[in-house]
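# Structural overview for review
Residue-level listing of the chains:
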Amino acid sequence: MAQFNVPSGPSIKVITLENFLGVDFTSITPSVYRASNLINLVNNNGFLETRPGFNVIGNEFGTKAYCDVLTNGVNVRWTAIRAGKQGNLCSIQLINPNKPNQKLKMTEANGEVIYYLATNNNGNIITTIQDILNMPNHYIVGTCETPNNVAVGKPQYFLQNGADARINGIWNIDRDEDEIFIVHVKNKLYKLDTNFLNPVDMGITVADTITQYSSVILDNKLAVFDGSRAFWYGKSGGEWGIHYLDESGYVPTTSINRKPDGTGASSYEDANILNPYRENSFVADGTSGVYYVADSFDDEAPTARILNEDGTTSVLEIQSWNRNTGAITFKNIPPKFAVTGRDSVFIRYKVTTNDSNTGENIKEYINKCTIATTYGYNSNNTRLFISGNPMYSNVDWFSAEKDITYFPAENYTRIGFQPIINYLKLNDGTLAIQKKITDSDYAIYYRDSAIYNASEVFPIASGSRAVGCISKYANANLLNDPLTLTETGVYGVAGSSYGEKFVNERSYFIKNKLLAEPNLENAVAIVHHSKYYLAINNHVYVADGRYKSKVAEANASNYQYEWYYWEDVPVRIWFTYNDELYFATESGDICKFNDTVLNYNMPMKQLFDTAFLDLGSIVQSKTVRRVTVITRPYEDSEYTLSYITNEDEQDIINKQTPMGSFPATLQEKEKIKKVMYVKFRLYNESEKPMNFFKIGIEYIFSGRYRGD
């Protein structure tokens with residue numbers, strides 16, 4: 001009897017994608033663990049899910065757009081939900097469908113809200129204004145005194161008069177009995193409560209520029225350098241308030257142990273750049289009525305005090321003075337003090353110093369700075385270091401120890417030739433002074449600390465020309481890795497115990513997309529909960545410090561972070577409060593991230609594309625037979641599953657997974673025939689989140705691939 005062999009079916013193969021990392025916008029063929037495109041997702045301990053949404057909290061500084069619609073003799077005022085110029089892009093239409101028995105319907109997209117009014121069986125409108133007001137939407141709200149009138153269809157109306165009020169800085173201040181926020185809005189300062197409500201104008205005018213990153217807190221004082229007139233907020237004379245630095249500067253004693261004739265003196269403190277007043281102290285001899293201060297001085301009456309034996313001081317009356325010779329004549333001869341050699345006469349006088357190049361008062365050295373940090377001996381945060389004065393862009397100044405009101409005249413350093421862009425404190429205790437890349441200067445210098453002649457000094461060493469800095473606002477320290485934004489991406493600058501410095505690329509996976517962003521010099525960054533958030537043009541690039549990998553193609557790098565890309569996050573400045581992440585906007589909103597997936601109550605786009613999958617062969621064609629997606633338990637989820645080949649994109653299924661105690665599994669039969677490469681896409685733009693942690697693909701080989 002003849003024997004026949006029944007041919008076996010094709011071998012079924014399965015590939016499982018799991019342990020997802022971040023996105024790779026740079027590699028031609030990303031790892032299967034990374035997305036080739038990813039929008040508005042984060043890694044939550046091994047699975048990908050929709051990033052947190054956000055909404056406005058507290059006071060809205062921008063103005064909401066509105067329009068008045070007269071319908072059937074009744075006025076309805078429509079007001080944008082969002083303040084700012086964005087509200088002007090909203091519009092509304094009331095449309096009569098001119099068909100009988102229509103139900104009231106609404107559509108909305110890109111700020112346009114259209115109501116299709118309901119009709120009866122005769123085609124007459126039966127929708128009342130109240131019916132329209134009762135339908136919630138994402139863009140506008142309406143008010144009307146008599147909402148029961150029947151509505152009438154009208155042409156399109158555009159909302160108008162929305163105005164931005166950009167927020168430049170926000171600072172939390174802990175006071176004696178309470179805490180407040182100070183908010184810099186355009187060119188004003190406001191005080192807010194801890195709910196970001198009840199704004200109070202603080203009564204001073206400041207420059208309309210970002211100050212969040214040119215401010216420091218030292219010695220319980222907030223110092224802000226806006227490039228116009230530096231100010232500080234803190235307690236003075238028992239009262240909390242705003243003070244200009246150049247009105248509250250420390251008055252130094254420049255000379256001590258001075259004899260009445262001006263001889264025998266010892267220099268003591270440097271003059272203060274911020275304050276034209278200075279003081280000399282004298283040893284009274286009991287016979288001299290004329291005392292000579294160290295300088296000629298302004299034509300303003302000097303003042304004098306005398307030390308009493310009980311340790312108090314009294315006013316010493318001056319009869320006359322000569323501002324050119326420095327002679328001060330007292331009405332009565334100051335008596336000799338009981339303790340021999342002790343200073344007992346103190347004369348205060350004013351010396352205004354102007355810059356020889358600009359003719360401006362030297363206090364403008366400090367007032368015009370826009371870059372600030374803290375640094376000190378052994379890298380302690382004990383002094384202010386500031387720069388950014390456009391007239392002296394390669395110079396920085398530093399304050400006295402723990403005193404923001406005293407900038408000694410000699411405390412400055414001229415560093416190279418090109419402008420200083422930013423400071424970055426390194427993990428070896430040095431302070432990096434950063435510049436853009438040029439042919440005429442180093443891109444980075446390093447400041448250290450030492451003791452010389454019993455004084456703290458801060459020597460400078462030149463670094464490299466390899467990597468520059470392009471933003472004043474994007475430096476932040478991620479898990480002891482100081483990060484900076486450069487012309488070629490995000491880099492980490494590391495010191496070491498033996499003095500060598502290393503500059504390492506950290507943004508390989510997203511650098512192609514990041515570097516295509518316009519105006520990168522305006523990018524702003526913050527570190528929060530082991531992540532570095534870099535915002536520019538309503539986009540956010542997120543480096544997750546928990547996940548690192550070695551990439552052979554990356555330039556001079558020991559590791560790379562995993563990155564995630566977000567859209568529609570209008571960050572002007574970042575800040576944190578009570579260990580939570582906030583941002584403020586160009587339009588005047590203070591926003592807080594929350595546990596929804598809505599931005600301003602509107603659904604966000606979420607997208608994940610797998611890498612190009614060759615499914616184990618670059619010569620055989622493949623036919624995909626089944627796709628499995630597994631989502632996490634305990635959460636609702638929604639997504640659309642699609643596949644992408646070199647020919648087209650096809651939706652497979654829209655899937656909602658209800659909350660349950662087990663992972664939810666989608667298994668969808670779908671034949672994708674004879675492909676070389678295939679991508680799978682998960683997409684969502686609903687009010688539910690998207691999450692997943694495994695994708696399984698069942699396929700067979702289907703012959704030799706014949707080419708494209």
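Structure's up top.
Anyway, here's the lowdown on the structure attached to this text. Treat the numbers as computed from the prediction; the structure is a model and nothing was measured. (Residues numbered from 1 in each chain as written. Predicted model: local features only at pLDDT ≥ 70, side-chain atom pairs only at ≥ 80, totals over all residues. Heavy atoms only, no water.)

### Looking at the overall build of the protein chain
Threshold: Per the convention used, a helix needs a DSSP run of H or I reaching at least four residues, while a strand needs a run of E reaching at least two, with both numbered from the N terminus. Here the radius of gyration uses the C-alpha set of atoms, whereas the globule reference equals 2.2 Å times the residue count to the power 0.38. Only protein chains enter the calculation, and the probe is 1.4 Å; a residue is then buried if its accessible area is under 20% of its type maximum, exposed if over 50%, and partly exposed in between. Between two residues, a contact is recorded if the distance between any of their heavy atoms is within 4.5 Å.
Within the protein chain, the secondary structure is distributed over three helices and 60 strands. Computed over the C-alpha atoms, the radius of gyration of the protein chain is 34 Å, more than 25% above the 27 Å expected from 2.2 N^0.38 for a compact globule of 708 residues. The dimensions of the protein chain, computed from C-alpha atoms along their principal axes, are 140 × 80 × 45 Å. Per-residue burial over the protein chain gives 50% buried out of 708 residues. The long-range fraction of contacts in the protein chain, counting pairs at least 24 apart against all pairs at least 6 apart in sequence, stands at 60%.

### Here we look at a nonpolar patch on the surface
Filter applied, for reference: Patches here: salt-bridge-free residues with over 30% relative accessible area, like charges joined within 9 Å, nonpolar side chains (Val, Leu, Ile, Met, Phe, Trp, Tyr) joined within 5 Å. The Shrake-Rupley method, run with a 1.4 Å probe sphere, supplies the accessible areas, and residue values consider only the shown protein chains as cover. Salt bridges, as used here, are contacts in which a Lys or Arg side-chain nitrogen is within 4 Å of a carboxyl oxygen on Asp or Glu.
Nonpolar side chains collect at one region of the surface, where Phe612, Ile618, Val619 and Tyr677 lie side by side and expose about 400 Å² of accessible area between them. Structurally, phenylalanine 612 can be placed in the loop between strand 53 (606-609) and strand 54 (620-631). Relative accessible area serves as the criterion here: at 41%, phenylalanine 612 is assigned to the partly exposed category.

### Regarding the nonpolar core
The following threshold applies: Note on terminology: a nonpolar core comprises buried Ala, Val, Leu, Ile, Met, Phe, Trp, Tyr and Cys residues joined through side-chain atoms within 4.5 Å.
One finds Tyr532, Leu534, Trp574, Phe608, Phe680 and Phe692 to be the most contacted residues of the largest nonpolar core, which totals 88 residues. Apart from the residues lying within four places of it in its own chain, the contact partners of tryptophan 574 are Gln212, Tyr213, Val524, Ala525, Ile526, Tyr533, Ala535, Val540, Leu581, Tyr582, Phe583 and Phe593.

### Some points on the pattern of salt bridges
One pass over the full model with this rule turns up 31 salt bridges. The salt bridge partner of aspartate 246 is lysine 363, with a shortest N-O separation of 3.9 Å. Pair noted here: aspartate 246 is in the loop between strand 20 (239-244) and strand 21 (253-258) and lysine 363 is in the loop between strand 29 (345-350) and helix 2 (364-367), with a separation of 117 residues, a long-range link. Lysine 363 sits in the partly exposed class, given a relative accessible area of 25%. Glutamate 580 is the partner of lysine 592 in a salt bridge, and the nearest nitrogen-oxygen pair spans 3.1 Å. Within this pair, whereas lysine 592 is found in strand 50 (residues 590-593), its partner glutamate 580 is found in strand 49 (residues 580-584), the two being separated by twelve residues in sequence. Judged by relative accessible area, lysine 592 falls into the partly exposed class, the value being 24%.

### Thoughts on unusual backbone geometry
Positive phi, close to 60 degrees, is recorded for asparagine 40, a residue that is not glycine. Take asparagine 40: it is sitting in the loop between strand 2 (37-39) and strand 3 (41-44). Given a relative accessible area of 0%, asparagine 40 falls into the buried group. Non-glycine residue phenylalanine 196 carries a positive phi angle of around 60 degrees. Tracing the backbone through its elements, the reader meets phenylalanine 196 in the loop between strand 15 (188-192) and strand 16 (200-205). With relative accessibility at 2%, the residue phenylalanine 196 sits in the buried group.

### Comments concerning the pairing of strand 9 (residues 105-109)
Heads up, the rule is: The criterion for strand pairing is that DSSP finds at least two bridges linking the strands in question.
One ladder, built from five bridges, connects strand 9 with strand 10 (residues 112-116); its direction is antiparallel. Residue pairing for strand 10: methionine 106 is matched across the bridge by tyrosine 115. Joining the antiparallel neighbours strand 9 and strand 10 is a turn of two residues, in which asparagine 110 adopts a positive phi near 55 degrees.

### What about the side chain of threonine 382?
Along the chain, threonine 382 turns up in the loop between strand 30 (371-375) and strand 31 (383-387). Ignoring anything within four residues of it in the chain, the contact list for threonine 382 reads Leu218, Tyr375, Gly376, Tyr377, Ala400, Glu401 and Lys402.

### A short note on the environment of threonine 209
Within the fold, threonine 209 resides in the loop between strand 16 and strand 17 (215-218). Looking at threonine 209, the relative accessible area reads 27%, which means it is partly exposed. In the structure, threonine 209 is positioned 445 residues away from asparagine 654 in sequence and 46 Å away in space, judged by C-alpha atoms.

### Description of the side chain of glutamate 364
We apply this condition: When charges are counted, Lys and Arg contribute as positive and Asp and Glu as negative, whereas His and the chain ends are disregarded.
Residue position: glutamate 364 is located in helix 2. The buried charged residue glutamate 364 lacks any salt bridge partner; its closest oppositely charged side chain belongs to lysine 363, at an N-O distance of 4.9 Å.

### Some words on the packing of aromatic side chains
Definition in use: Two aromatic rings from Phe, Tyr or Trp, using only the six-membered ring of Trp, form a pair when their centres are within 6.5 Å; if the ring planes differ by under 30 degrees the pair is stacked, by over 60 it is edge-to-face, and anything between is tilted. Counting as a charge over the ring demands two things of the Lys NZ or Arg CZ atom: a distance within 6 Å of the ring centre and an angle within 35 degrees of the ring normal.
In the structure shown here, the tally under the stated rule is 41 aromatic pairs. When the ring of tyrosine 559 is compared with that of tyrosine 561, the centres are 5.5 Å apart and the planes differ by 75 degrees; the resulting orientation is edge-to-face. Across the pair, tyrosine 561 and tyrosine 559 agree in class, each one buried. Three or more aromatic residues link up through ring pairs in this structure, and these residues are Phe54, Tyr533, Trp566, Trp574, Phe583, Phe593 and Tyr600. Its end group placed over the ring of tyrosine 244, arginine 229 keeps NZ or CZ at 3.7 Å from the ring centre. Note that arginine 465 overlies the ring of tyrosine 442, its terminal NZ or CZ placed 4.4 Å from the centroid.

### Thoughts on the sheet that holds strand 25 (residues 303-307)
Read across the open sheet, the six strands follow the order 22-21-23-29-25-26; overall the sheet is mixed. Unpaired on one side and paired on the other, strand 22 (266-267) and strand 26 (313-315) mark the two borders of the sheet.

### Quick look at the sheet that holds strand 35 (residues 431-434)
The line we're drawing: Every axis in this analysis is a line fitted to C-alpha atoms, fitted for helices over the stretch in contact. Angles between the N-to-C directions lie between 0 and 180 degrees.
A sheet is described by the order of its strands in space; here four strands give the open sequence 34-35-36-39, paired in antiparallel fashion. Here the strands that pair on one side only, and so sit at the sheet edges, are strand 34 (422-425) and strand 39 (460-462). Averaged over all adjacent pairs, the angle separating strand axes in this sheet is 25 degrees, with direction ignored. Here strand 36 (residues 444-447) runs beside strand 39; their pairing, made up of three bridges, is antiparallel. Residue pairing in the sheet places tyrosine 445 in a bridge with serine 462 of strand 39.

### What about a positive patch on the surface?
What counts is decided by this rule: For this purpose, a charge sits on NZ of Lys, CZ of Arg, CG of Asp or CD of Glu.
Taken together, the side chains of Arg625, Lys671, Lys673, Lys674 and Arg706 define a basic patch exposed on the protein surface. The greatest single-element share of the positive patch, amounting to three residues, is contributed by strand 57 (residues 664-675). Along the polypeptide, arginine 625 turns up in strand 54. Given the relative accessible area of 31%, arginine 625 is considered partly exposed.

### A short note on the environment of isoleucine 573
Note on placement: isoleucine 573 falls in strand 48 (residues 573-577). Spatially, the C-alpha atoms of isoleucine 573 and arginine 704 are 55 Å apart, while their sequence positions differ by 131 residues. In contact with isoleucine 573, not counting residues within four places along its chain, are Ile167, Asn168, Gly169, Ile170, Ile210, Gln212, Tyr213, Phe583 and Ala584.

### As for the environment of asparagine 558
Applicable threshold: Two N or O atoms form a polar contact when they lie within 3.5 Å of each other; inside protein one atom must be a possible hydrogen donor and the other a possible acceptor, and for residues adjacent in sequence the pair counts only when both atoms belong to side chains.
Residue placement: asparagine 558 occurs in the loop between strand 46 (539-549) and strand 47 (560-566). Setting aside residues no more than four positions away along its own chain, asparagine 558 makes contact with Asn504, Arg506 and Lys550. A polar contact of 2.8 Å, which involves the side chain of asparagine 558, links it to the side chain of arginine 506.

### Observations concerning the pairing of strand 3
By the bridge criterion, four bridges tie strand 3 to strand 4 (residues 47-50) in an arrangement that is antiparallel. Opposite leucine 41, over in strand 4, you have threonine 50 as the bridge partner. Count of turn residues in the strand 3/strand 4 antiparallel hairpin: two residues, of which asparagine 45 carries a positive phi of about 55 degrees.

### As for the state of the cysteines
Test applied: Criterion for a disulfide: a pair of cysteine sulfur atoms within 2.5 Å.
Using the criterion set out here, one finds zero disulfides in the structure. We note that cysteine 90 lacks a disulfide partner, and the nearest cysteine sulfur, in cysteine 67, lies 9.5 Å from it. Cysteine 90 gets classed as buried once you look at its relative accessible area, which sits at 7%.

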